[in-house]
Amino acid sequence: MMNCPACGAVMVWLNGSVLHDPPTKYYTCRKCGLDAVKLPDGSIEMNQAEQAAQ
């Protein structure tokens, strides 16, 4: 489980397997649209999803 660094909401885990190898974990936030990748070394890469112009 991981909280969103931008808004604090609980992020949704996308990779679906507890025994995923390598242990790279993909998350997305349903509230603000932030995508995050937690790498095996513990670092986190974040990408803000582009919002459609209205």
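Residues numbered from 1 in each chain as written. Predicted model: local features only at pLDDT ≥ 70, side-chain atom pairs only at ≥ 80, totals over all residues. Heavy atoms only, no water.

A. View of the overall build of the chain. What the chain contains, in helices and strands, is zero helices and four strands. For the chain, the sequential pattern of α-helices and β-strands runs β-β-β-β. Relative to its full complement of 54 residues, the chain shows a buried share of 20%. Partitioning the contacts of the chain with sequence separation of at least 6, the portion at a separation of at least 24 is 16%. (Helix = DSSP H or I, 4+ residues; strand = E, 2+ residues; numbered from the N terminus. Buried < 20%, exposed > 50% of the residue type's maximum accessible area, 1.4 Å probe, protein only. Contact = heavy atoms within 4.5 Å.)

B. Layout of the environment of proline 40. Along the polypeptide, proline 40 turns up in the loop between β3 (34-38) and β4 (44-48). Assessed through its relative accessible area of 53%, proline 40 is described here as exposed. C-alpha of proline 40 to C-alpha of proline 23: the two residues are 17 residues apart in sequence and 5.5 Å apart in space. When neighbours within four sequence positions are excluded, proline 40 is seen to be in contact with Pro23 and Thr24.

C. Expanded view of the sheet that holds β4. With respect to topology, four strands assemble into an open sheet ordered β1-β2-β3-β4, the strand pairing being antiparallel. In this open sheet, the two edge strands, each paired with only one partner strand, are β1 (12-13) and β4. One ladder, built from four bridges, connects strand β2 (residues 25-28) with β3; its direction is antiparallel. Within β3, the residue paired with lysine 25 across the bridge is lysine 38. (Pairing = 2+ DSSP bridges.)

D. Main features of the pairing of β4. Note that β3 and β4 share five bridges and pair antiparallel. In the strand pairing of β4, alanine 36 is matched with methionine 46. Linking two consecutive strands that pair antiparallel, namely β3 and β4, is a turn of five residues; a positive phi of about 95° is found at glycine 42 within it.

E. Up close: the environment of glycine 8. Within the secondary structure, glycine 8 sits in the segment before β1. Residues glycine 8 and cysteine 32 lie 24 residues apart in sequence; the distance between their C-alpha atoms is 9.7 Å.

Worth remembering: the numbers are spatial, not functional.
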